[in-house]
Amino acid sequence: MTARSNPLAAFSDPHLCAPLLQRLERALEGKELRFMEVCGTHTVAIFQSGLRSLLPACVTHLSGPGCPVCVTHDAEVATFLELAQQKNVIIATFGDLLRVPGPDGTSLKHAQAAGAHIEIVYSPLDSLRLAQANPQSLVVFLGIGFETTAPTVAATILTAQQQGIKNFCVLSFHKLVPPALQVLLQDVECNIDAFLLPGHVSTILGLEPYAFLAQQYHVPGVVAGFEPADILLALCLMAEQRREGKPAVVNAYRRAVADTGNARAREIMDAVFAPADALWRGLGCIEQSGLVIRPELADFDAMRRLDLHLPATTKVTGCRCGDVLKGRIMPNACPLFGKRCTPAQPVGPCMVSTEGSCAAYYKYNLE
Amino acid sequence: MCLAIPAQITEILENNMAKARVGESDTYLTSSTMLLPEPPTVGQYVIVHAGFCLHTLSEEEAQESLKMFRDIAAVLETENQGCTVKPL
């Protein structure tokens with residue numbers, strides 16, 4: 001590819017969409033299709049493009065647990081806040097986490113105002129530069145994110161080891177997408193007909209980890225890109241699979257996702273992290289759905305190095321983030337939505353991140 | 001924070017790093033190529049997330065996908081004109 005001909009730009013051509021909508025309506029045969037996406041970028045793409053207003057009335061878009069900030073548990077936020085109290089610690093974090101309220105309603109933003117040293121970084125690698133510039137402090141990177149982000153954090157830890165940077169560690173609360181999909185399918189109240197599978201997570205994972213969707217639960221899963229035409233094509237494939245009675249997991253984003261994923265990124269992730277049970281907001285504890293740092297890299301594990309523990313917390317009264325993330329209710333069915341909980345004053349994390357279900361619903365669809 | 005963006009490699013740097021241009025803009029990202037199975041070359045498009053290249057985009061697949069989208073449009077257009085084309 002050259003700068004003169006960028007074939008990627010052609011995917012945003014709106015003229016690609018009308019025929020796909022026609023094909024979708026035909027494949028639906030008037031039957032309801034409740035599809036769930038599990039990626040914050042899909043959430044925003046669907047709302048921002050206006051695609052929801054074009055979809056046939058029988059198609060219901062559910063925005064599931066695809067925003068890493070949204071699924072960060074109260075207890076994990078409480079641990080961030082505990083960490084912020086420690087002396088000689090610099091917290092390095094993606095900006096999205098700064099305003100997520102913990103169990104007592106305070107956030108890292110409040111901690112920062114009270115004097116905690118918190119730096120927003122674009123890349124985990126930036127934390128290493130921060131550590132080198134502040135040799136008297138311990139830089140702790142807040143590790144949240146799915147399989148897209150975990151390899152970048154793993155690569156950063158290996159780089160720190162290689163370069164002998166000792167005043168750096170990671171608080172790892174990374175989460176894995178496939179175990180969460182399994183929990184959603186086991187809950188009969190969720191009632192999901194098909195999954196729009198996350199493009200960037202799948203860049204790493206490939207198709208195999210999702211095979212159980214079709215094999216065990218007979219639910220179609222389509223890996224999709226982020227242009228409206230990509231999403232419409234995925235919906236066509238879901239509806240056609242259902243019409244044919246042949247659910248499958250397929251790749252409709254071949255320009256960016258290899259069926260086998262990125263084996264090198266997975267190797268690096270596996271060298272640093274091991275699967276472990278993890279807490280998800282709204283979904284509770286899911287077996288083997290998180291990533292902890294392997295014992296041989298304990299020096300880079302903030303939990304071990306600083307002897308941190310997840311506290312027991314209680315749920316914020318009235319916040320129904322959990323039901324939103326499971327697709328049981330639409331965001332505006334939460335009693336706090338648009339009243340006590342707004343993007344300016346969020347109660348739950350789904351309203352904090354710009355990729356959160358509630359924030360997107362509030363911004364693009366407030367009725 | 002899930003955001004990953006396509007960018008075109010403009011320069012290969014030392015220590016598994018590369019400079020990449022975002023779209024047609026003047027924004028350039030310096031990103032690690034450590035997670036790519038093969039080192040990228042200048043001119044290739046990569047997906048960048050949190051300072052790391054995650055995947056080299058396939059031009060061949062991109063062109064095939066575009067052709068498929070356009071074929072769908074062509075078939076439905078023909079059908080709408082009353083011709084008998086087998087539905088997709």
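Right above here is the structure, for reference.
Residues numbered from 1 in each chain as written. Chains lettered and ligands numbered in written order. Predicted model: local features only at pLDDT ≥ 70, side-chain atom pairs only at ≥ 80, totals over all residues. Heavy atoms only, no water.

(A) Spotlight on the overall build of chain B. Of regular secondary structure, chain B possesses one helix and five strands. Reading the secondary structure of chain B in the N-to-C direction produces β-β-β-β-β-α. Taken across its 88 residues, chain B has 44% of its residues classed as buried. Within chain B, counting contacts between residues at least 6 apart in sequence, those at least 24 apart form 28% of the total. (Helix = DSSP H or I, 4+ residues; strand = E, 2+ residues; numbered from the N terminus. Buried < 20%, exposed > 50% of the residue type's maximum accessible area, 1.4 Å probe, protein only. Contact = heavy atoms within 4.5 Å.)

(B) Structural context of the layout of surface pockets. Approximately 1,200 Å³ is the volume found for the largest pocket. At the level of secondary structure, the elements contributing two or more residues to the lining of the largest pocket comprise helix H2 (40-48) and helix H15 (357-365) of chain A together with strand E1 (5-13) and strand E4 (45-49) of chain B. Considering only residue class, the lining of the largest pocket consists of 30 nonpolar, eleven polar and eight charged. When residues of the lining of the largest pocket are assigned to domains, at least three fall in each of domain 1 (12-317) and domain 2 (321-361) of chain A. In this model, the second largest pocket occupies a volume close to 350 Å³. Every residue along the wall of the second largest pocket is listed here: Leu125, Leu128, Arg129, Gln132, Thr159, Gln162 and Gln163 of chain A together with Asn15, Asn16, Met17, Ser32 and Met34 of chain B. Of all elements in the fold, only helix H6 (124-133) and helix H7 (150-163) of chain A reach the threshold of two or more residues within the lining of the second largest pocket. With four residues, the top contributor of residues to the lining of the second largest pocket is H6 of chain A. By residue class, the composition of the lining of the second largest pocket is four nonpolar, seven polar and one charged. (1 Å grid on protein atoms, 1.4 Å probe; cavity = no way out; pocket = protein on both sides within 12 Å on 5 of 7 lines; lining within 4 Å. Points joined across faces, edges and corners; volume = space filled by probe spheres on them. Nonpolar A, V, L, I, M, F, W, Y, C, P; charged D, E, K, R; others polar. Domains from an automatic or database assignment.)

None of the figures reported here should be taken as evidence of function without further support.
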